[in-house]
Amino acid sequence: MTLTSREIHLVRRPAGAATPDDFALREAEVRDPAEGEVTVRNSFLSVDPYMRGRMNDVKSYVPPFELGKVMQGGAVGRVVASRDPAFPEGALVASGYGWREAFTAKAASLQPLPDLGVSDSAHLGVLGMPGMTAWAGVTLVAPVQEGDVAFVSAASGAVGSIAGQLARVLGASRVVGSAGAEEKCRAVESDFGFDACFSYRDGSPLHRLREAAPDGIDHYFDNVGGAQLNAALVHARNHGRFALCGSISSGYDGSAGEPVTALGLAVGKRLMLKGFIVSDFTDQQQRFWDEVGSLVADKTVTYRETVFDGIQTMTEAFLGLFAGGGQIGKVVVAV
Ligand SMILES: NC(=O)c1ccc[n+]([C@@H]2O[C@H](COP(=O)([O-])OP(=O)(O)OC[C@H]3O[C@@H](n4cnc5c(N)ncnc54)[C@H](OP(=O)(O)O)[C@@H]3O)[C@@H](O)[C@H]2O)c1
């Protein structure tokens, strides 16, 4: 079997915002599998904000992407040739081999995926890494408690849309979100059931948060850092809990980002702020699938996806994460 695969390489490290010129589309031959290997034809590729951080040549919790190599990242696909009986042809697998249509790799490096009655793409979103991040944040890292007023930033996105819905399941009395446009906010309210959502681009985030949660907040799921983290610190009630998940407004492009100046308030308010990385919780994978899988199956938790078509759209899909585009829910690319 001779299979060719188109793939996207990182060809330049961006200074500031990434641009299309940082990437190049190439074609490669996919070799046949050796003993213990499989060949996988991907169906969906993931674009995620953390990938921008890995384009910088700096030390972090994961190594930087290599120049001249394929952009790494999550993907789902089907085994099309196998020399490992545990991964038969047709098996659905998740991988971390990134922005390419097909590849051959050791079967042991892949994650076999259970049949949870969802589309393949959902394993990159609600039942994949972003969904698990949301679930870990509100259950394990900074647990939402009965009666909490919860605030979630980037609420229309892959993680935020699920975090808000899970906060409700855990007993939050009011769930407030923020997003970059009023149109996105209407989807946060109507599709994901938040009580209120405000655009952080329209007025000061603190003022808008006060309007949306007049009595203060107990829980903050922080996807963005910067001005919205400041607003949450100022507006938090005593003993509030913050799950620090991401800081997309600050520093993914290597810049200093928006300063967080209100941290001192955490002392008097006895706040708990905890950062986390989803890979800390890989031993909880089955529990996540069981709990969130059943919430998705009975439609307690709903999800949306923005699907781009074809590997040539990868760069556009990725850059849209930072450009305040119209995408809602998990952004994936069908290949
Ligand atoms: N800790 C972990 O293990 C972990 C795992 C996964 C993700 N994360 C983090 O979680 C956050 C959300 O990730 P995701 O995958 O769900 O992405 P996403 O929310 O689907 O997409 C990113 C969103 O961030 C918003 N954004 C972009 N620039 C912004 C800015 N300057 N200020 C405020 N918002 C901005 C955009 O929405 P608007 O148009 O609404 O601005 C964009 O749609 C990211 O910070 C990511 O790095 C952390």
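What counts, and at which threshold
Residues numbered from 1 in each chain as written. Predicted model: local features only at pLDDT ≥ 70, side-chain atom pairs only at ≥ 80, totals over all residues. Heavy atoms only, no water. Near = heavy atom within 4 Å. Polar contact = N/O pair within 3.5 Å; in protein donor to acceptor, adjacent residues only side chain to side chain. Areas by Shrake-Rupley, 256 points an atom, 1.4 Å probe, with all protein chains shown as cover. Helix = DSSP H or I, 4+ residues; strand = E, 2+ residues; numbered from the N terminus. Nonpolar A, V, L, I, M, F, W, Y, C, P; charged D, E, K, R; others polar. Domains from an automatic or database assignment. Pairing = 2+ DSSP bridges. Axes fitted to C-alpha atoms, helices over the stretch in contact; angles between N-to-C directions. Contact = heavy atoms within 4.5 Å. 1 Å grid on protein atoms, 1.4 Å probe; cavity = no way out; pocket = protein on both sides within 12 Å on 5 of 7 lines; lining within 4 Å. Points joined across faces, edges and corners; volume = space filled by probe spheres on them. Disulfide = S-S within 2.5 Å.

Colleague: Would you explain the site of the ligand in this entry?
Modeller: What surrounds the ligand is a group of 27 residues, the closest being Gly180, Lys184, Tyr200, Tyr252 and Val278. Between Val159 and the ligand, the recorded distance is 2.7 Å, taken from a backbone N or O atom to an oxygen atom. The fraction of the free accessible surface of the ligand (900 Å²) that becomes covered by protein chains is 92%. The set of elements that each furnish at least two residues to the shell around the ligand consists of helix H2 (129–141) and helix H3 (158–169). Of the residues assigned to the shell around the ligand, the class counts are 15 nonpolar, 10 polar and two charged. Summarising the domain contributions, the shell around the ligand has at least three residues from each of domain 1 (3–125 + 304–334) and domain 2 (129–279).

Colleague: Looking at this structure, I do not really get the sheet that holds strand S10 (residues 196–199). What am I missing?
Modeller: One key point about sheets: their strands pair by backbone hydrogen bonds, in either a parallel or an antiparallel sense. One open sheet holds the six strands; their spatial order is S10-S9-S8-S11-S12-S13, and the pairing between them is parallel. Among the strands making up the open sheet, the edge pair consists of S10 and strand S13 (272–275). Sheet twist, expressed as the mean angle between neighbouring strand axes with direction ignored, is 15 degrees. The strands that helix H4 (residues 182–190) touches are strand S9 (174–179) and S10; relative to S10, the one it contacts most, it runs at about 165 degrees. In this fold helix H5 (residues 205–212) packs onto strand S8 (149–152), S9, S10 and strand S11 (217–222), with an angle of close to 165 degrees to the strand it touches most, S10.

Colleague: Whenever I open this one, empty space enclosed by the protein confuses me. Can you help?
Modeller: The rolling of a water-molecule-sized probe over the atoms marks out the regions of remaining empty space. Following the criterion strictly, the structure yields one cavity of 30 Å³ or more and no others. When its volume is computed, the largest cavity comes out at roughly 50 Å³. The wall of the largest cavity is formed by Gly125, Val126, Ala158, Ser161, Ile162, Tyr303, Arg304, Glu305, Gly329 and Lys330. With three residues, H3 is the single largest residue contributor to the lining of the largest cavity.

Colleague: I'm lost on the state of the cysteines in this one. Help?
Modeller: The term disulfide refers to a covalent linkage connecting the sulfur atoms of a pair of cysteines. With the rule as written, the count across this model stands at one disulfide. With no disulfide of its own, Cys245 lies closest to Cys197 among cysteine sulfurs, the gap being 17 Å.

Colleague: In this structure, what is going on with unusual backbone geometry? I would like to understand it.
Modeller: With the exception of glycine, most residues fall at negative phi, and the peptide bonds are largely trans. Its identity as a non-glycine residue notwithstanding, Ala154 has a phi of 50 degrees, on the positive side. Tracing the backbone through its elements, the reader meets Ala154 in the loop between S8 and H3. A positive phi angle, close to 55 degrees, is found at Arg270, a residue other than glycine.

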